[in-house]
Amino acid sequence: MGKYLVLWEVVQSTIPIDPKERGAGWSLLMALIRQDIKKGLTKDWGVFVGERNGYAINEGTELEVMNGLQQYVPFCTFKVHPVATPDQAEEMIKALSG
C-alpha cells in the first residue's frame, strides 16, 4: 500500500455564482471527502484558506487511489505525488553507500 500527496483544485467553470448553490456544491464535496476518510482512503485533507484548492494524503494501491479520485471528476483536477517513508529513504541511502 502506498501513500500519496494529492493536490486538488476545483475547476473554476463548475463553481456556481449563486452563493447558496455554491454552498450546496461544497456540502456535496465535503460529504464525499468524509466518506473517503471513513473508508480509510483519505488520511488527511485540507483546503487552502481563501482558495479553491488544497491537499489530501491518501493511502492505498494505485488503483484504489485512481478510482477514489474519479468520483470528483469533472469538478476537480489533481496532481498526485507518491510519497516515500523514512524507512524507504534510508534503504535508498544504504543502497547508495554500498
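Residues numbered from 1 in each chain as written. Predicted model: local features only at pLDDT ≥ 70, side-chain atom pairs only at ≥ 80, totals over all residues. Heavy atoms only, no water.

**Quick look at unusual backbone geometry**
If a residue is not glycine, its phi is most likely negative; likewise, a peptide bond is most likely trans. With an omega of 15 degrees, the peptide bond between valine 73 and proline 74 qualifies as cis. As for its placement among the helices and strands, proline 74 is situated in the loop between α2 (62-70) and β4 (76-83). (Helix = DSSP H or I, 4+ residues; strand = E, 2+ residues; numbered from the N terminus.)

**Things to note about the environment of glutamate 64**
Along the chain, glutamate 64 falls in helix α2. Relative accessible area serves as the criterion here: at 44%, glutamate 64 is assigned to the partly exposed category. Separated by 18 residues in sequence, glutamate 64 and glycine 46 place their C-alpha atoms 20 Å apart. (Buried < 20%, exposed > 50% of the residue type's maximum accessible area, 1.4 Å probe, protein only.)

**Some remarks on the pairing of strand β1 (residues 2-10)**
Inspection of the sheet shows β1 paired to strand β3 (residues 53-60) by eight bridges, in the antiparallel sense. Pairing of lysine 3 across the sheet is with glutamate 59, part of β3. Alignment of β1 against β4, held across eight bridges, turns out to be antiparallel. The residue of β4 that forms the bridge with lysine 3 is valine 83. (Pairing = 2+ DSSP bridges.)

**Quick notes on the side chain of asparagine 53**
By the secondary structure assignment, asparagine 53 is in strand β3. Among all residues touching asparagine 53, those that are not within four sequence positions of it are Trp8, Glu9, Val47 and Phe48. (Contact = heavy atoms within 4.5 Å.)

**Focus: the pattern of salt bridges**
Under the definition given, this model contains two salt bridges. For lysine 3, the salt bridge identified is with glutamate 59, shortest N-O distance 3.9 Å. Of the two residues, lysine 3 is situated in strand β1 and glutamate 59 in strand β3; the sequence distance between them amounts to 56 residues. Ionic pairing is found between glutamate 9 and arginine 52, a salt bridge with its closest N-O pair at 2.8 Å. Highlighted residues: glutamate 9 in strand β1 and arginine 52 in the loop between β2 (42-47) and β3, separated in sequence by 43 residues. Residue classification places arginine 52 among the partly exposed positions, given a relative accessible area of 28%. (Salt bridge = Lys/Arg side-chain N within 4 Å of Asp/Glu carboxyl O.)

**Quick look at the packing of aromatic side chains**
Per the stated rule, a full pass over the model turns up four aromatic pairs. Where tryptophan 8 meets tryptophan 45, the ring centres are 5.3 Å apart and the plane angle is 5 degrees; that geometry is what we call stacked. Here tryptophan 8 is found in strand β1, whereas its partner tryptophan 45 is found in strand β2, with 37 residues between them in sequence. Of the residues examined, tryptophan 8 reaches a relative accessible area of 6% and is grouped as buried. (Phe/Tyr/Trp six-rings, centres within 6.5 Å; stacked < 30°, edge-to-face > 60°.)

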